[in-house]
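# Descriptive structure summary
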Amino acid sequence: MPSNFVAKGVDGYEAVMGRWSRRLAVPFLEFSGVPSHGRVLDAGCGTGSLSAALAAHPGLAAIDAMDFEEGFVAALRERKVDPRIRAQQGDVCALPYGDAEFDGVYSLLVLHFVSDPHRAVREMLRVLRPGATAAATVWDNYGGMPAWRMFWDTIVALEPEAADKGPTRARRPMTGEGQLRDAFERAGFAEVADTLLTIRLNYDNFEDFWHPMVYGQGKFGAFFDGLPEKKRDQLRDAVRAAYLCGEGDGPRGFANVAWAVRGTAPRH
Ligand SMILES: C[S@@+](CC[C@H](N)C(=O)[O-])C[C@H]1O[C@@H](n2cnc3c(N)ncnc32)[C@H](O)[C@@H]1O
């Protein structure tokens, strides 16, 4: 299985992450750079946050959007965000494109879910025109997602069996300092540079935080629903207390940090 991502549907993904990946796409493309013309690839497009940000660049002729999840690809096609976006199913470890077809290749929050991320990075380089740029970003899921850590650490302290139901307690591949940069250098990219990108996750109230975290994606929703009502209430109350932090219900904002890397395909 080339993907370790557990998808549960477009609406759930949008609520738990799509609304934030849309926000991250902006500084990510500022860091990556976007060519003034030509064809670009959104590798692991999900519901299309990055493709939509690329579509804001009027000089681009074509935006290929590719993801392993059929449902995400179908939803992106149906939304008809921009006629230049062509969505298709595929595996980033075996990109369904020829060599040197793209003027830019981008991967937003994907490589930490890929079973063989080094192979994926080599594929990003293979499909890139010499002299063009590829870039990737992943959350620092271990230390850079305080809201998610608050959620999972609270849950697991009270219900240890939830430990393997969440995405953030174990460090994922590529999410350690320097790992993305190292992968780009090992793949053979030139002019490799990395940085940290920070956005804020702004929730309207506790329910806006809680519901997507429980039911948005992954295995936790089914596990939670299977718990006795008393335990579910206990977990919800504890996470609520952490979210509220001694004040009344309402908006809370949390910083979220991502590693990002860019590199250029060498001119032979
Ligand atoms: C966290 S989502 C990010 C989606 C989108 N780029 C965004 O930022 O909203 C991770 C995505 O990576 C995709 N993915 C994981 N492994 C993949 C693979 N081997 N090939 C293609 N897509 C993959 C998943 O299907 C999922 O859509």
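Residues numbered from 1 in each chain as written. Predicted model: local features only at pLDDT ≥ 70, side-chain atom pairs only at ≥ 80, totals over all residues. Heavy atoms only, no water.

### With respect to the packing of aromatic side chains
For any pair of aromatic rings, geometry is given as the distance between the ring centres together with the angle between the planes. The condition that has to hold: Only Phe, Tyr and Trp rings are paired, with Trp represented by its six-membered ring, and only when their centres lie within 6.5 Å; those with planes under 30 degrees apart are stacked, over 60 edge-to-face, the remainder tilted. The buried label goes to any residue with under 20% of its type's maximum accessible area, the exposed label to any with over 50%, and the partly exposed label to all in between, with areas taken from a 1.4 Å probe on protein chains only. To qualify as a helix, a DSSP run of H or I must reach at least 4 residues; to qualify as a strand, a run of E must reach at least 2; elements of each kind are numbered from the N terminus. Think of it as a cone above the ring: NZ of Lys or CZ of Arg counts as a charge over the ring if it is within 6 Å of the ring centre and within 35 degrees of the ring normal.
Counted according to the given criterion, the structure contains 19 aromatic pairs. Ring plane angle 75 degrees and centroid distance 5.0 Å describe the contact between Tyr203 and Phe209, whose orientation is recorded as edge-to-face. Across the pair, exposure class does not vary: Tyr203 and Phe209 are buried alike. The interplanar angle of 25 degrees and the centroid separation of 5.5 Å between the aromatic rings of Phe209 and Tyr243 together place this pair among those described as stacked. With Phe209 in helix H7 (residues 206–215) and Tyr243 in helix H9 (residues 229–244), this pair connects stretches of sequence that are 34 residues apart. Taken together through their ring pairs, the aromatic side chains of Trp20, Phe151, Trp152, Tyr203, Phe206, Phe209, Trp210, Phe220, Phe223, Phe224, Tyr243 and Phe254 make up a single cluster. Directly above the ring of Tyr142 sits Arg149, whose terminal nitrogen or CZ lies 5.6 Å from the centroid.

### Some points on the nonpolar core
Stated precisely, the cut-off is as follows: The set of buried Ala, Val, Leu, Ile, Met, Phe, Trp, Tyr and Cys residues whose side-chain atoms join them within 4.5 Å is what this entry labels a nonpolar core. When checking whether two residues touch, look at their non-hydrogen atoms; a contact exists if any pair is within 4.5 Å.
By size, the foremost hydrophobic cluster in this structure holds 59 residues, and its most contacted members are Met17, Phe28, Trp148, Phe151, Phe209 and Phe220. Residue contributions to this core peak at nine residues, all from helix H1 (residues 10–32). Beyond its immediate sequence surroundings of up to four residues, Met17 is in contact with Leu109, Trp139, Met145 and Trp148. Among the nonpolar cores identified, the runner-up in size contains 32 residues, and Leu41, Cys93, Met174 and Phe184 belong to it.

### Overview of the site of the ligand
Rules: Note on terminology: near, applied to a residue and a molecule or strand, indicates that one of the residue's heavy atoms is within 4 Å of it. Side-chain atoms alone can form a polar contact between residues adjacent in sequence; in general such a contact is a pair of N or O atoms within 3.5 Å, and within protein one must be able to donate a hydrogen while the other accepts it. The Shrake-Rupley method, run with a 1.4 Å probe, gives the accessible areas here. Residue values count only the displayed protein chains as cover. As a working rule, the residues Ala, Val, Leu, Ile, Met, Phe, Trp, Tyr, Cys and Pro are called nonpolar, Asp, Glu, Lys and Arg charged, and the rest polar, with Gly in that last group.
In the vicinity of the ligand lie 21 residues, with Tyr13, Ser21, Gly44, Asp67 and Leu108 positioned nearest. Separating a nitrogen atom of the ligand from a backbone N or O atom of Leu108 is a distance of 2.8 Å. Within the complex, 99% of the 590 Å² of free accessible area of the ligand lies under protein. Residues of the shell around the ligand, tallied by class, amount to 12 nonpolar, six polar and three charged.

### Points about unusual backbone geometry
Its identity as a non-glycine residue notwithstanding, Met174 has a phi of 75 degrees, on the positive side. By secondary structure assignment, the location of Met174 is in the loop between helix H5 (146–158) and helix H6 (179–187). One non-glycine residue with positive phi stands out, namely Cys245, at about 55 degrees. Examined against the element boundaries, Cys245 turns out to sit in the loop between H9 and strand S7 (252–264). The exposed category is assigned to Cys245, whose relative accessible area is 62%.

### Description of the environment of Pro2
Relative to the assigned elements, Pro2 resides in the segment before H1. Distance in space between the C-alpha atoms of Pro2 and Val92 is 8.3 Å, their sequence separation being 90 residues. Every residue in contact with Pro2, bar those within four places of it in the chain, is listed here: Phe68, Asp91, Phe113, Val114 and Ser115.

### Observations concerning the pairing of strand S1 (residues 38–43)
If a strand is regular, its side chains alternate between the two faces of the sheet. Rules: Should DSSP find at least two bridges between two strands, the strands are regarded as paired. Whether a crossover is right-handed depends on one test, that the path from the first strand over the helix to the second runs clockwise when the strands point away from the viewer.
Within S1, five of the six residues are buried, leaving the element largely enclosed by the surrounding structure. As defined by bridge partners, S1 adjoins strand S2 (residues 60–67) across six bridges and the pair is classed as parallel. Across the sheet, the residue bridging to Arg39 is Ala62, located in S2. For the handedness criterion, the β-α-β arrangement of S1, helix H2 (residues 49–54) and S2 is classed as right-handed. Relative to strand S4 (residues 102–108), S1 runs parallel, the two sharing three bridges. Its bridge partner being in S4, Asp42 is matched across the sheet by Tyr106.

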